[in-house]
Amino acid sequence: MAAENHTVTGRPTRGRVVMLVDNGVNGDSRVQKEARSAAEAGWDVVLLGKSGSKKEQSWRIGDAEVRLLPVPGPMSRRRHEYRRAVLRSPLAYRPGPLASYRRQKVKAWRADLNIRMIVARQRGSVFGRLRLLAPRLLSRLAHSWVNLRYRKTQELEKRRKAMDSALDRFTTAFWRKTMGDRAWRRLDPHLWDFELAYGKVIDELKPDLVHANDFRMLGVGARATLRARAAGRDVKLVWDAHEFLPGIRPWNPHPRWHIAQCAHEKEYSRHADAVTTVSDTLAGMLQERHRLAERPDVVLNAPDGEISPEQAAEPVPDLRELCGVADDVPLAVYSGTAAPQRGLDIMVESLPLLPEVHTAFVVLNTNSDYMKSLRARAEELGVGDRLHILPYVPHYQVTRFLAAADAGVIPIHHWPNHEIALITKFFEYSHARLPLVVSDVKTMGAMVEQTGQGEVFRAEDLEDYARALKSVLGDAERYRAVYDAPGLLDQWTWEAQAERLDAVYTRLTGRAATGRGGVEAQA
């Protein structure tokens, strides 16, 4: 590929990279670091994410442009959810607001008749009271009839969401059998909503390389690449696989969702010119599952080893001050995604066993249902004053923010996807020089036992967790000393990983950095 003349704000670039992610960017440290470091390496980077509102939003991460696009979701409901189920539930109202409207209308009618009866009694009007007898009787009958139909409508909605009937199982199996990997079009058409929101924007940006993060963006990136090639442009596709999709705990409870995502990923994985992922174990699994010609390149979720002077000048919030605890109070911290399979409940349940310990959760949404349930449980146990729920800080402040704790905890459960990688918080805790307390998931447990930087406990075992935490709190300096080993933390920096990612871009496009902000075309 010959080098083209790309410029951004007056500086030459190596070409345009359009990165895709299906979230709001904030809170996704990997994507933010990818965008910033690629721009620093001389690429013209535009990162497209999903807006949480109906308006487009934009800002910059270093020299990278971020644009959040509105993603309407009319196809999040399957086609059958818009139709009446005449045979399955003939008394149910048609989908939509009609059932609630009819129910409210009958309630209003009965309320009005009740007031009219009160007025007739106050006036002593026998005729007025007799005139209301028939309407009142009819309203009772209508109330019973509408309530019956409303209940049938609610029951139908629940059955449609559960999709556990013989007919539902048959139709799911039918589409999988007849359409194969293309079955996602029937099983989860909401994936098209992302295509319709992102597709035209990508085409207008005319990228030289598309970097699709994770499984939902893979299809969007692949289709954009195919359209560009059909128009005569040589565009490359990098698929950045963050997890092993068949092994995740589905975050959408619809029984067709996980099946559809796996099918969608398999259909489009063949179009990737290169694949990157987060661990060597996962690289092998992806190569086998998708029959990839080359083993994916590993780009770890490591934190920044260095930050800019501007970032260094920003004041870092004081973790202990936010928790309201002194320096000598034992403080265990969890930082990252909050979900039941992450095992945070064990940290709350252990507090009565560890009367001096405080626990801090640093999460994206401090008021989520899961956080509310953990806060309520802490109150039930009488330890609410020792649980602290705090919001995220910018990714370049994470390690300095967490360093004030006494231990970093990773209590995740045994799910296939949890067994195969060193996750982001592992590296963040390590650079914060925290002793670790991790569950016995395969890859992380083995690494902690190998390095001696913490203790491993049996996942979901409360007493063993308490034992492990007591151990690291009782001899913290012994565990912290592991980080003094030459080269240990150096290999776990984003700067080292950014070089690997840039090498993938260079290999695909043939555009190497010259070190002067220009482009050197490679044969």
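Here the structure is shown first, and the text comes after it.
Predicted, not measured: the structure shown is a model, and the values here were computed from it.

(A) Representation of the packing of helix α7 (residues 191-205) against helix α8 (residues 214-230) in the model. With their axes 9 Å apart at the nearest point, α7 and α8 run at an angle of 40 degrees to one another. If you check the angle between α7 and α8, you find them oblique. α8 is crossed by α7, and the crossing has right-handed handedness. Across the interface between the two elements, L191, W192, F194, E195, Y198, G199, I202 and D203 of α7 pack against R216, M217, G219, V220, R223, A224 and R227 of α8. Looking at side-chain class alone, the contact of α7 with α8 contains eight nonpolar, two polar and five charged residues.

(B) Inspection of the environment of D240 at higher detail. Considering the arrangement of structural elements, one finds D240 in strand β8 (residues 236-241). Look at D240 and you get buried, because its relative accessible area is 0%. Between the alpha carbons of D240 and P296 there is a distance of 9.1 Å; along the sequence they are 56 residues apart. Apart from residues no more than four positions distant in its own chain, D240 is found in contact with R30, E34, H211, A212, N213, D214, T276 and T277. Among the polar contacts made by the side chain of D240, one reaches the side chain of T276 at a distance of 3.2 Å.

(C) Highlighting the sheet that holds strand β6 (residues 64-69). If you walk across this open sheet you meet the eight strands as β5-β6-β4-β3-β7-β8-β9-β10, and the pairing is mixed. Of all the strands in the sheet, just β5 (57-61) and β10 (297-298) have a single pairing partner and so form its edges. The sheet contact formed by strand β3 (residues 16-20) and strand β7 (residues 209-213) spans four bridges and is parallel. Note on β7: the bridge partner recorded for V18 is V210. Against the sheet, α7 touches β3, β4 (44-50), β6 and β7, its axis set at about 165 degrees to β4.

(D) Up close: the side chain of H395. Looking at the secondary structure, you find H395 in the loop between β13 (387-391) and α15 (398-402). Overall, H395 belongs to the buried group, its relative accessible area being 15%. For H395, the side chain forms a polar contact with the side chain of D304, separated by 3.5 Å. Excluding its chain neighbours within four sequence positions, the residues that come into contact with H395 are S29, Q32, K33, R36 and D304.

(E) Summary view of helix α9 (residues 257-269). For α9, spanning 13 residues, the distance from its first C-alpha to its last is 18 Å, which sits close to the expected 18 Å at 1.5 Å a residue. For α9, the set of buried residues is W257, H258, A260, Q261, C262, A263, H264, E265, E267, Y268 and S269. Considering only its buried residues, α9 is in contact with α6 (184-187), α7, α8, β8 and α10 (280-290).

(F) Structural detail: the packing of aromatic side chains. Using the criterion set out here, one finds 14 aromatic pairs in the structure. Seen from their ring centres, W184 and W192 are 5.1 Å apart, and the 45 degrees between their planes marks the pair as tilted. Its relative accessible area of 0% is what places W184 among the buried residues. Where F427 meets W492, the ring centres are 5.7 Å apart and the plane angle is 65 degrees; that geometry is what we call edge-to-face. Here F427, found in helix α16 (residues 424-431), pairs with W492, found in the loop between α19 (476-480) and α20 (494-509); they are 65 residues apart in sequence, far enough to count as distant. The burial state of F427 is the same as that of W492; both residues are buried. Of the aromatic side chains, those joined through ring pairs into one cluster are F170, F174 and W175. In this structure, R103 is placed above the aromatic ring of Y150, and the distance from its NZ or CZ to the ring centre is 4.2 Å. Above the ring of Y479, the side-chain terminus of R478 is found at 4.3 Å from the ring centroid.

(G) A look at the pattern of salt bridges. One pass over the full model with this rule turns up 30 salt bridges. Across the salt bridge formed by D181 and R270, the nearest N and O atoms sit 3.8 Å from each other. Taken together, the residues D181 in the loop between α5 (166-179) and α6 and R270 in the loop between α9 and β9 (274-277) connect sequence positions 89 residues apart. With a relative accessible area of 28%, D181 lands in the partly exposed category. A single salt-bridge network, built from bridges that share partners, covers E455, R458, D461, D464 and R467.

Cut-offs used in this document
Residues numbered from 1 in each chain as written. Predicted model: local features only at pLDDT ≥ 70, side-chain atom pairs only at ≥ 80, totals over all residues. Heavy atoms only, no water. Axes fitted to C-alpha atoms, helices over the stretch in contact; angles between N-to-C directions. Helix = DSSP H or I, 4+ residues; strand = E, 2+ residues; numbered from the N terminus. Parallel < 35°, antiparallel > 145°, perpendicular 65-115°, else oblique. Left-handed = near helix turned anticlockwise from the far one by under 90°. Contact = heavy atoms within 4.5 Å. Nonpolar A, V, L, I, M, F, W, Y, C, P; charged D, E, K, R; others polar. Buried < 20%, exposed > 50% of the residue type's maximum accessible area, 1.4 Å probe, protein only. Polar contact = N/O pair within 3.5 Å; in protein donor to acceptor, adjacent residues only side chain to side chain. Pairing = 2+ DSSP bridges. Expected span 1.5 Å × (residues − 1). Phe/Tyr/Trp six-rings, centres within 6.5 Å; stacked < 30°, edge-to-face > 60°. Lys NZ or Arg CZ within 6 Å of the ring centre and 35° of its normal. Salt bridge = Lys/Arg side-chain N within 4 Å of Asp/Glu carboxyl O.

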